There are 4 protein chains.
Amino acid sequence: MKIDKYKIEEYNQQESSKHTRKLEGLVEEIANYEEILQKLIDFQIAIPSWALGSGGTRFGRFPGGGEPRSLEEKIEDVGLLHTLNQSSGAISLHIPWDVPENYQSIKALAAQHGLAFDAMNSNTFQDQANQALSYKFGSMQHVDKAVRKQAIAHNIEVIKHGVALGSKALTVWLSDGSCFPGQLNFRKAFQRTLESLQEVYAALPSDWKMFVEYKAFEPNFYSTTVGDWGQSFLYATKLGPQAYTLVDLGHHLPNANIEQIVSLLLMEGKLGGFHFNDSKYGDDDLTAGSIKPYQLFLIFSELVEGMDARQMDHASDLGWMIDASHNVKDPLEDLLQSVEAIMIAYAQALLVDRKSLIVAQEENDVAKAQEILQTAFRTDVRPLVAEARLRANGALNPLALYRSLKVREELVKERGSKTVATGL
Amino acid sequence: MKIDKYKIEEYNQQESSKHTRKLEGLVEEIANYEEILQKLIDFQIAIPSWALGSGGTRFGRFPGGGEPRSLEEKIEDVGLLHTLNQSSGAISLHIPWDVPENYQSIKALAAQHGLAFDAMNSNTFQDQANQALSYKFGSMQHVDKAVRKQAIAHNIEVIKHGVALGSKALTVWLSDGSCFPGQLNFRKAFQRTLESLQEVYAALPSDWKMFVEYKAFEPNFYSTTVGDWGQSFLYATKLGPQAYTLVDLGHHLPNANIEQIVSLLLMEGKLGGFHFNDSKYGDDDLTAGSIKPYQLFLIFSELVEGMDARQMDHASDLGWMIDASHNVKDPLEDLLQSVEAIMIAYAQALLVDRKSLIVAQEENDVAKAQEILQTAFRTDVRPLVAEARLRANGALNPLALYRSLKVREELVKERGSKTVATGL
Amino acid sequence: MKIDKYKIEEYNQQESSKHTRKLEGLVEEIANYEEILQKLIDFQIAIPSWALGSGGTRFGRFPGGGEPRSLEEKIEDVGLLHTLNQSSGAISLHIPWDVPENYQSIKALAAQHGLAFDAMNSNTFQDQANQALSYKFGSMQHVDKAVRKQAIAHNIEVIKHGVALGSKALTVWLSDGSCFPGQLNFRKAFQRTLESLQEVYAALPSDWKMFVEYKAFEPNFYSTTVGDWGQSFLYATKLGPQAYTLVDLGHHLPNANIEQIVSLLLMEGKLGGFHFNDSKYGDDDLTAGSIKPYQLFLIFSELVEGMDARQMDHASDLGWMIDASHNVKDPLEDLLQSVEAIMIAYAQALLVDRKSLIVAQEENDVAKAQEILQTAFRTDVRPLVAEARLRANGALNPLALYRSLKVREELVKERGSKTVATGL
Amino acid sequence: MKIDKYKIEEYNQQESSKHTRKLEGLVEEIANYEEILQKLIDFQIAIPSWALGSGGTRFGRFPGGGEPRSLEEKIEDVGLLHTLNQSSGAISLHIPWDVPENYQSIKALAAQHGLAFDAMNSNTFQDQANQALSYKFGSMQHVDKAVRKQAIAHNIEVIKHGVALGSKALTVWLSDGSCFPGQLNFRKAFQRTLESLQEVYAALPSDWKMFVEYKAFEPNFYSTTVGDWGQSFLYATKLGPQAYTLVDLGHHLPNANIEQIVSLLLMEGKLGGFHFNDSKYGDDDLTAGSIKPYQLFLIFSELVEGMDARQMDHASDLGWMIDASHNVKDPLEDLLQSVEAIMIAYAQALLVDRKSLIVAQEENDVAKAQEILQTAFRTDVRPLVAEARLRANGALNPLALYRSLKVREELVKERGSKTVATGL
């Protein structure tokens, strides 16, 4: 399925006067309005290929219909999102779920949809049907060198796929860890993991980045071998300048101050990118901004401040990806909501009066500093985000248009109601 | 110090055109605009007398200046707040910190400032200088009946003060609990506490309510004898129809779903009232809405829905109080910020499209339900709240006016820079 | 596979002198030694049928070999455990995974292994292949009455299976809840769930109990409709005298004081039973006592105290079950470890000097109270637990014998290495 | 007050036969019995001067009697502990609470009691009476250089006191952080703090260590500038080889795996020392081992393994200190309990069968690895710890003797019942 451009134009025309009215009030209050708008237009969030189907838990999975049955259909799905919001211009592939059979045709298809290939993701947390050795007791940390070699080889193969597609980064999330005290020697597990990562790092093209993702717990419930930002930072530092820490918002212990972690990683030049989602309890993988929108804003506030301090390019110098699981919602709707929430948080962060904030901080004027952040957050930036979309030829309200165009119904018709996409 | 009415008018005049412009966009989108406005005008949040001075932690306290030295000055301070925001029309007293010497003059003073006396608070978590028996091992739970009697007598005395002042509720927060396994027999502690509360309950005037506050931990670090909503509910149910549960937002275990608790307590007719504040880790007693504004909104959304379902009066059928500690900000500024955040959350909750929400819920349209709540939350309702204040003769922006009038400087001049208010 | 009695006797003989030596020191210090021993002999912990195979997470599952392929083989597996430890004399079935085809033969088989049928478990958290309506949006809470009816009918069917087998209880664990704010009306969800439970309750034979299990989160990540003990208690109270709360150790928010909950539920006569396991982060379903053995002891200490206060029979008046997931260990080994840890905690709890503890509590002698509990906990009660097993014709060290008899190897030989048991 | 040696001998004689009997069973099972005993004898845990009086919370403080009124009396108190247990041979001072007036007499007094001076502690979390500038908004992170200079000067002064007394380490715990989003620029706060610490580091004698303590929250409730081990590690690495991370068991987010942190810090050569205590919720400062004794054992298990791997001396190569608050118990009794729990955990860790554990780990024999740790933990090592004490001329049961000698009553007689020691 493809959404015709004119349908978007038609829709935008309908909504135009309402939009303009809402936007007006906003524009006059924002000094650097055009600059902010351009940043919003430039900002692209990669969609993970595994999030295009229904997700599930160990207790069950309730698939909807019309899920993509192939890499081609996954690209098509991201294309639909990008057509609507013009902010999802990249897809993040997962191997072995998305092994391309023909690079050229896949690249061409993606190009057709205006999509780039974001970070590649390897998988050593599951055993595949044809796999020689099991990852039951870890992959890169495994006591058996043969298992480690298998995991290393898999990652190098993922890099190769990525090179062929034009990706520039490898995300390594390791579920390696232990379920019981005594199971692992923490130090040796760290060292084995480091050595394995070093072999993968050695295979990295010089213009690639390696993202070392950390996670506090799950699927291992006693220890995780890349368990927190401090550990990821240790690995990334020992690996070298192309290795970075990747922050997934759901991978922390309760009450963690993620925005501070972000700020310090930026300070050290070791923040690589993000997996956006939201959570109340653990790695709940909920829609971005659906539980703690203020935290999402605060994280973006640190990102804007910290990237500007290092003169980094917001759009391209970090990896922006969603990593969520859609257990009860249409995956495409959920992703539209996530992207919207991320854009809103980014827009609010761009509105923060940085100069006044610095003054307030210098004067220990805590109430004022709080007011400055809250002023930005309380501003209704939806018209701003919509305007950015409009200028980029997206829809003023992607979700509304998605529904009125009956996209899901169309996909079910095309693909059937019993399809199940690869993924968790 | 008193703020002259004309200064507020003058200020509002200055800000008038800007305010009107912002309000306009909002008004046309809200069907029941006047109704909502009236609810906002009617809504009053009681200020706790102990929050008018600087708070502290066990590690230290850093007082500002101009703190109120007497009950009279505390009333004066709340009067200042109420003059500015017209939403703080009540004070919640704490005995023995606020024992009135002359009821008539205190009542007259409060009336002069337009203030009512909200719930009275007893204190059995500290030993007072002249106290016969110690609360080191609890008060109402104490193994020694004499200590329990002392605690009961104190609470009855607090009721008497309250009756004399026109209060209609007693808030009982018990720090009773234990620091180590084995210290307490949980069952007996519960039963002794229940018996003690029953004696206090028996002394309650028939038009009074008793609020049984719960708290997960601190100052006891192993168990608390009224430790969660379930326990408070048990006490309140056994006590009788005048007993209710009081929810303090900072008194939960990590990740608790407070809005669900609120909804269920309302369902059972046992929600009594609120202590507003915000927190990231425990009973941090931060400014309301400063950490988790979306949670505050969700709580208000349940309040509005649940109170309407029982045809309760928003303004008067529950007790609304702030309970915060101002460790690094001017207490009065902090309270203005808290009240503003509460009003914003309430206004957003009033904007929720209830009819559409019910439909979405009936259809399991999760994405839509989320959109409906987010639409209300993302709306910039500050002009609405300001308009309510304007109509009630408060200031369009209380904090801005407070600062431009140099209220704190004036108070320091009047009271000195070394004053320390009673409280934590 | 069956373990010959004489192999156990042989093994015990070998270990006899070592055991006797260790036991001697202990015996002389315990006044009511024989009484405690009898209690340990009588205490039986039900094994859940779904825990006999490898468990997994949403990220993967790594099955071992020789997993039971049928209900008969599951009973055989529990029989093996019981032969070894004489403390696992019951099996807890799960429908539809364990629908018996022929009640008489299944009952006869169980009797042959000395096993009773413990609480029956229903399943409305997954969709079965042949199921008319989906539980995607809940079962007993569902907005659609037809779905609720289906869930009710299923539970009633489970009761029927249980009646035929001689079970006396139904455990209802509902995953019902919501993933996003707005998805549910908490109050209505509660009320619909209550009505559904009432219909099931009405179908309960008069000598049956209904256990209402609560859980803080997972698989729903925003709210759970039976989310904490307070909610379960509300349901159980409204349902009637045959309804009780069931406590699963992994179903709480971080830092919850579970032993206090246990004590209060016993006080109210509403504690029904237990699901034993251990956890560090959430419902990790780890081996009982593997992470927080002191907590397990404290819980048993409250159980012993509270049951004795109500003159309840330790062995029969509450339901004792394991509910764990064996992701990296041989399930049978894991279960032997869990049972051992539970018996140890129970034995330690029986050793607590209750009279001295009461005196210490009455005197607020906190240090003494702590010493009394720690004295019991620090005692090495393994010889005591082993002696109880010896007298009941179990093995002195079940795990050691299990290994030396190469039980798993035998099972793999019999059943194959690729079998996968039903379960999570 | 002083405890006569002969009273200890007398007591030990009385208990001798019972002790010997209990010890016998243990001795024969431990291969390297004498070696372990010597390690237990050598192991000394420093007592913090501020823990000799009753602690409190922001809600109140309930002092007992006989608290030390001077540095001399604090040394006397630690001397009493050390006389009884021979494991508390050091005192950790806190400036300005313990400024020595005469170094020689203080050193002589300590020597008389067999005490060394452990790490010195600075205080920049409170304002002292005579202090020029306030730490309300931080000390080493402060935006005002003058405040930072004051904090640096204070720390250098603390070093000087320490040098004069023979201490060899400075513990820097900074409460610096923020209470509200926006208050701090995290990056700048980090950099200012680093610069301040660098100035202190520069003043460190070449044979001194600097311990950089981290803490997740409290007294700041939004961010802490040395907030986790990763941050402390960053500071320590940037500071240089004499800087180390100090782990306080109560300073983590919920569910943190502290033993893994310990292992990794040892791996990096950056673990400096410990503050022992226990907690259920936050920095509860409860008696060591009173809540999570298995965690304490697991930490010691990592310490033994990790220190042996680096051939470190258990007794002298890390700093071992208690940091607890005694709110409801006699501080001296509480400290005796803490030391006992620490010695028990250490003894159990020494009993772990390391060779078998390595084999189990190499074979991914998770059940076996768990058994090995549990076997050590379930062993009743109290006779072993008592024997170590006996050989060192301490009391077989320090707490029992403390009580029978009526030490507290004696101290109250000497010092009065209203004394309040400096501290929190």
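In what follows, the structure referred to is the one given above.
Residues numbered from 1 in each chain as written. Chains lettered and ligands numbered in written order. Predicted model: local features only at pLDDT ≥ 70, side-chain atom pairs only at ≥ 80, totals over all residues. Heavy atoms only, no water.

1. Quick notes on the packing of helix α6 (residues 186-202) of chain C against helix α7 (residues 229-239) of chain C
Residues and elements named next belong to chain C. It is the contact of α6 with α7, at a shortest axis distance of 10 Å, that shows an interaxial angle of 45 degrees. The angle between the axes of α6 and α7 places the two elements in the oblique class. Relative to α7, the crossing made by α6 is right-handed. Contacts from Phe 190, Thr 193, Leu 194, Leu 197, Gln 198 and Tyr 201 in α6 reach Gln 231, Leu 234, Tyr 235, Lys 238 and Leu 239 in α7. Residue composition of the contact of α6 with α7, grouped by class: seven nonpolar, three polar and one charged. (Axes fitted to C-alpha atoms, helices over the stretch in contact; angles between N-to-C directions. Helix = DSSP H or I, 4+ residues; strand = E, 2+ residues; numbered from the N terminus. Parallel < 35°, antiparallel > 145°, perpendicular 65-115°, else oblique. Left-handed = near helix turned anticlockwise from the far one by under 90°. Contact = heavy atoms within 4.5 Å. Nonpolar A, V, L, I, M, F, W, Y, C, P; charged D, E, K, R; others polar.)

2. A look at the interface of chain D and chain A
In this complex, chain D contributes 51 residues to the contact, which on the side of chain A involves 51 residues. For the chain D and chain A pair, buried surface summed over both sides reaches about 4600 Å², with 60% attributable to carbon and sulfur atoms. At the junction of chain D and chain A, the tally comes to four salt bridges. Counting the contacts that link chain D with chain A gives 20 residue pairs in polar contact (both at pLDDT 80 or more). Every element with two or more residues in the side of chain D that touches chain A is listed here: α6 (186-202), β10 (223-224), α7 (229-239), α8 (258-267), α9 (293-309), α11 (354-362) and α12 (366-378) of chain D. A class-by-class count of the residues in the side of chain D that touches chain A yields 24 nonpolar, 18 polar and nine charged. (Buried area = accessible area lost by both parts, 1.4 Å probe. Salt bridge = Lys/Arg side-chain N within 4 Å of Asp/Glu carboxyl O. Polar contact = N/O pair within 3.5 Å; in protein donor to acceptor, adjacent residues only side chain to side chain.)

3. Quick look at the interface of chain C and chain A
Interfaces are often sized by the accessible area lost when the parts come together. Facing the 44 residues of chain C at the interface are 44 residues of chain A. Summed over both sides, the interface between chain C and chain A buries roughly 3900 Å², with carbon and sulfur atoms accounting for 68% of that surface. In this structure, the connection of chain C to chain A is made through six salt bridges. Measuring nitrogen to oxygen at the nearest pair gives 3.0 Å for the salt bridge that ties Arg 58 of chain A to Glu 218 of chain C. Linking chain C to chain A there are 12 residue pairs in polar contact (both at pLDDT 80 or more). Broken down by class, the residue content of the side of chain C that touches chain A amounts to 22 nonpolar, 11 polar and 11 charged.

4. Structural notes on the sheet that holds strand β1 (residues 47-48) of chain C
Residues and elements named next belong to chain C. With respect to topology, three strands assemble into an open sheet ordered β1-β4-β5, the strand pairing being parallel. The sheet is open, and its two borders are formed by β1 and β5 (116-117), each paired with just one other strand. Across two bridges, the pairing between β1 and strand β4 (residues 90-92) is parallel. Bridging across to β4, Pro 48 finds its partner in Ser 92. (Pairing = 2+ DSSP bridges.)

5. Comments concerning the environment of Asp 118 of chain A
All names here are of chain A. Summarising the element assignment, Asp 118 is placed in the loop between β5 (116-117) and β6 (120-121). Linking Asp 118 and Gly 166, residues 48 residues apart in sequence, is a C-alpha distance of 8.4 Å. Contact partners of Asp 118, with chain neighbours within four places excluded, come to Ala 46, Ala 90, Ile 91, Ser 92, Ser 167 and Met 321.

6. Overview of the relation of the copies chain D and chain A
You can overlay chain D on chain A at an RMSD of 0.0 Å; the transform is a turn of 180 degrees with a shift of 0.0 Å along its axis. Put plainly, the chains are arranged around a two-fold axis. Among all residues of chain D, the minimum C-alpha distance to the rotation axis is found for Gly 230 of chain D, at 2.1 Å. Looking at chain D, 100% of its interface residues are interface residues in chain A too, so the copies touch through the same face. (Least-squares fit on C-alpha atoms with pLDDT ≥ 70 in both.)

7. Quick word on the relation of the copies chain C and chain A
With an RMSD of 0.0 Å, chain C superimposes on chain A once it is rotated by 180 degrees and translated 0.0 Å along the axis. An overlap of 100% is found between the interface residues of chain C and their copies at the interface of chain A, pointing to a shared contact surface.

8. Quick word on the packing of aromatic side chains
Counted by the stated rule, this structure contains 82 aromatic pairs over all chains. Ring centres of Tyr 294 of chain A and Phe 377 of chain A lie 4.7 Å apart, and the angle between their planes is 65 degrees; on these two criteria the pair is classed as edge-to-face. Taken together, the positions of Tyr 294 of chain A in helix α9 (residues 293-309) and Phe 377 of chain A in helix α12 (residues 366-378) put the pair 83 residues apart, joining distant regions of the chain. Of the two residues, Tyr 294 of chain A and Phe 377 of chain A, neither departs from the other in class, the shared state being buried. Centroid distance Phe 276 of chain B to Trp 320 of chain B: 6.1 Å. Interplanar angle 15 degrees. Geometry classified as stacked. Placement of Phe 276 of chain B in strand β12 (residues 271-276) and of Trp 320 of chain B in strand β13 (residues 319-322) is noted, with a sequence separation of 44 residues between them. (Phe/Tyr/Trp six-rings, centres within 6.5 Å; stacked < 30°, edge-to-face > 60°. Buried < 20%, exposed > 50% of the residue type's maximum accessible area, 1.4 Å probe, protein only.)

9. So, α11 of chain D
Residues and elements named next belong to chain D. Leu 357, Ala 360 and Gln 361 are the residues of α11 that are buried. Each buried residue of α11 sits inside an arc of 100 degrees when the element is viewed along its axis, so together they form one side. Considering only its buried residues, α11 is in contact with α12. Positive phi shows up at Asn 364, right after α11, with a value of about 50 degrees. (Arc of directions from axis to C-beta.)

10. A word on α12 of chain D
The first and last C-alpha atoms of α12 of chain D sit 18 Å apart over 13 residues, in line with the 18 Å expected at 1.5 Å per residue. Buried residues of α12 of chain D: Val 366, Ala 367, Ala 369, Gln 370, Ile 372, Leu 373, Gln 374, Ala 376, Phe 377 and Arg 378 of chain D, and no others. (Expected span 1.5 Å × (residues − 1).)

11. Points about the nonpolar core
Phe 300 of chain A, Phe 300 of chain B, Phe 300 of chain C together with Phe 300 of chain D are the most contacted members of the largest nonpolar core, which has 552 residues in total. When residues no more than four places from it in sequence are discounted, the contact partners of Phe 300 of chain B are Phe 43, Phe 276, Trp 320, Ile 342, Ala 345, Tyr 346 and Ala 349 of chain B. (Core = buried A, V, L, I, M, F, W, Y, C linked by side-chain atoms within 4.5 Å.)

12. Let's talk about the pattern of salt bridges
All chains considered together, the criterion is met by 100 salt bridges over all chains. For the salt bridge of Asp 98 of chain A with Lys 74 of chain A, the shortest nitrogen-to-oxygen distance reads 2.6 Å. With Asp 98 of chain A in the loop between β4 (90-92) and α4 (103-112) and Lys 74 of chain A in helix α3 (residues 71-85), this pair connects stretches of sequence that are 24 residues apart. Here the two residues Asp 98 of chain A and Lys 74 of chain A agree in accessibility, since each one is buried. The shortest N-O distance in the salt bridge between Glu 268 of chain A and Lys 238 of chain D comes to 2.9 Å. Of this pair, Glu 268 of chain A sits in the loop between α8 (258-267) and β12 (271-276) while Lys 238 of chain D is found in helix α7, placing the two residues in two different chains. Glu 268 of chain A sits in the partly exposed class, given a relative accessible area of 23%. Judged by relative accessible area, Lys 238 of chain D falls into the partly exposed class, the value being 34%. Linked by salt bridges that have partners in common, Arg 58 of chain A together with Lys 215, Glu 218, Asp 283 and Asp 285 of chain C make up one network.

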